[in-house]
Amino acid sequence: MAPGAAIAVSIPAGAAFAGGALPLSVLIALVACLFTASSVAELARHLPSAGSVAAYSSRGLHPVVGYVVAWVYLLVEALVPALLLVQLGFTVAGTAHQQWPGYPQNLWWPWVLAGAAVIAVTGYYGIRAAARLGTVLGAFEVLVFVVFAGLLIAHAGRHNTLTVFGTAHTPAAHEGVGGVIAGSVYTVLAFAGFEAAAPLAEETRDPRRTLRRAVLGSALAIGLLFILTTYAMTVFYGPDAFATFGASGAASWDGVARASFGAFWVLVFLAVVNSTIANANAAANASTRTAFALGRVGVFPRSFARLHPVHRSPVVGLLVQCLAAPAVALGLGFAYGPDTAFLLLATVVVTAIISVYLLTNLACAGYFLRRRRAEFRPVRHLLFPVLGIAAFTPALLTAAGLPVFSFVTELTAPVSFAGAVVALWSAAGLVIAVVLWRRHPDRLAATGLVHLDQESP
């Protein structure tokens, strides 16, 4: 997860709809995400596997569905590093140009390569090194934004108000509950990644207990951070003017930091840069572990199950990931420009990951109804999954640019290609899954095995 980048870039996208009620939108998004986090946590407790969401859908729904979920999840986690490397590139280049006009703003690509090198080296030395890097970087960006939020709240003084958790400050174009819900749809996208601990099950002490805490804890903690920071900026900037707030310019986190807190903008900038590296590192961990799980059971090239003899890192997956991420980032960046490349990759990632979340919720209900009936709990294993599906469906339609709701706008090319990319990728995965099911049903069924405990029901 990338709290710094989400606070500064993703969440402000909802301000145009929710205005000064954006903190309420974040609160609603948090509750919605906790429904799906609960489903992931319940499944992770019983199925601690590197296959994670693939294993869940395989056991809860059908092995063919499990393979398609794995196929789509691999697309997500393989593209997230590319997405974040592009963001790293244009963030550093843009800031350098702003400070030193002689630095070319289009010289963004060296930073892509530098970020890719950091991720590759960290991943090579195994999960301990990757986890330590993620922890250190994550702690830094959280600390920066918590301190900044404290300063904003203090400076707001008597303007602090709980009315931002109501509908009084929604903009005229999106008045009332409708604007709040629209803002929450865009805010939901900032939470993506709370499930990324699940693929580390086989490298975790006591995974049946630890993973459940990690998944739920990360969703809850990140949500509270988002509520705090969004509230702080809303009351500081002014709830009635907040509809104009965005990701860049004077009405942004960077703009406020520069105008009101002097050199503090440097820390905000470093936190956002740091956030891109930390999240790309986490996505690389998830993608390589998922590919390892599929390679181990023979539904993916078996070379992906090869581990380094000392560091125990999945070296083939890391090599592919570390070549693919900068290639995609540079290819799309040079073709469309880094900003457009970022939007295209973000839309593909969001469309795909929400599809995975929807199927994971279904898998939770299916698994406990079919395989763990004695442990079935109506609220945790049926109501929460249904609410998770209901909460994420508007976000999926929004990410795909399907104008089912009034606040959804149609996407323009090339960003509009995202839906087709995800659909074609999913269709290819379905074809492969059907062929495997006909020829090697035992291999496909093995995607649902828990290798830590082969006797797990």
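Worth saying up front: this structure is predicted, and the values here are computed from it rather than measured.

Caption draft 1: Broad picture of empty space enclosed by the protein. The tally for this structure, following the rule as stated, stands at 4 cavities of 30 Å³ or more. Approximately 70 Å³ is the volume found for the largest cavity. Lining the largest cavity, in full, are Ile7, Ile11, Pro12, Leu22, Thr229, Thr230, Met233, Phe242, Phe245 and Trp253. When grouped by side-chain class, the residues that make up the lining of the largest cavity number 8 nonpolar, 2 polar and no charged.

Caption draft 2: Structural context of the pattern of salt bridges. Applying the stated rule across the entire model yields 6 salt bridges. Two residues, Glu375 and Arg372, come together in a salt bridge whose shortest N-O distance is 2.9 Å. The exposure class of Glu375 is partly exposed, given its relative accessible area of 31%. Judged by relative accessible area, Arg372 falls into the buried class, the value being 14%. Among the charged side chains, a salt-bridge network with shared partners connects Glu42, Arg45, Arg212 and Arg380.

Caption draft 3: Summary view of a nonpolar patch on the surface. Residues Phe140, Val266, Leu267 and Leu270 make up a contiguous nonpolar surface patch of roughly 270 Å² in combined accessible area. Considering every element that reaches the nonpolar patch, the biggest residue donor is helix H11 (residues 264-296), with 3 residues. With respect to the helices and strands, the residue Leu270 is situated in helix H11.

Caption draft 4: Quick look at the packing of helix H6 (residues 109-124) against helix H12 (residues 315-336). Taken N-terminus to C-terminus, the directions of H6 and H12 make an angle of 165°; their axes are 10 Å apart at the nearest point. Classified by the angle between their axes, H6 and H12 sit roughly antiparallel to one another. As H6 runs across H12, the sense of the crossing is right-handed. Where H6 approaches H12, its residues Trp109, Val112, Leu113, Ala116, Ala120, Gly123 and Tyr124 are matched on the opposing element by Leu318, Cys322, Pro326, Ala329, Leu330 and Phe334. Its residues assigned to classes, the contact of H6 with H12 shows 12 nonpolar, 1 polar and no charged.

The rules behind each value
- Per chain, the residues get numbers from 1 upward, laid out in the order the sequence is written.
- Note on the predicted model: pLDDT of at least 70 is required for a residue's local features to be given, and 80 or more for side-chain atom pairs to be given and counted; whole-chain, interface and lining totals, by contrast, use all residues.
- The basis for the side-chain values is all heavy atoms of the structure; hydrogens and waters are excluded.
- Computed over the protein atoms alone on a 1 Å grid, cavities are sets of points where a 1.4 Å probe fits but cannot get out and pockets are open sets with protein on both sides within 12 Å along at least five of seven lines; a residue lines them when it has an atom within 4 Å of a point.
- Grid points are joined across faces, edges and corners, and a volume is the space filled by probe spheres set on the points.
- Residue classes follow a fixed rule: Ala, Val, Leu, Ile, Met, Phe, Trp, Tyr, Cys and Pro count as nonpolar, while Asp, Glu, Lys and Arg count as charged, and any other residue, Gly among them, counts as polar.
- Salt bridge, as used here, is a side-chain nitrogen of Lys or Arg placed within 4 Å of a carboxyl oxygen of Asp or Glu.
- When accessible area is computed with a 1.4 Å probe and restricted to protein chains, residues below 20% of their type maximum are described as buried, those above 50% as exposed, and intermediate ones as partly exposed.
- A patch consists of residues exposed above 30% relative accessible area that lack any salt bridge, with like charges linked at up to 9 Å and nonpolar side chains (Val, Leu, Ile, Met, Phe, Trp, Tyr) linked at up to 5 Å.
- Only the protein chains shown count as cover for residues, and all accessible areas are computed by the Shrake-Rupley method using a 1.4 Å probe.
- Only runs of H or I of at least four residues qualify as helices and only runs of E of at least two qualify as strands under DSSP, and these elements are numbered from the N terminus.
- Between N-to-C directions, angles cover 0 to 180 degrees, with each direction set by a line fitted to C-alpha atoms, over the stretch in contact for helices.
- Oblique is the label for any angle not covered by the other classes, which are roughly parallel (under 35 degrees), roughly antiparallel (over 145) and roughly perpendicular (65 to 115).
- Take the far helix as the reference: if the near one is turned anticlockwise from it by less than a right angle, the crossing is left-handed, and if turned clockwise, right-handed.
- By definition, residues are in contact when any of their heavy atoms lie within 4.5 Å.

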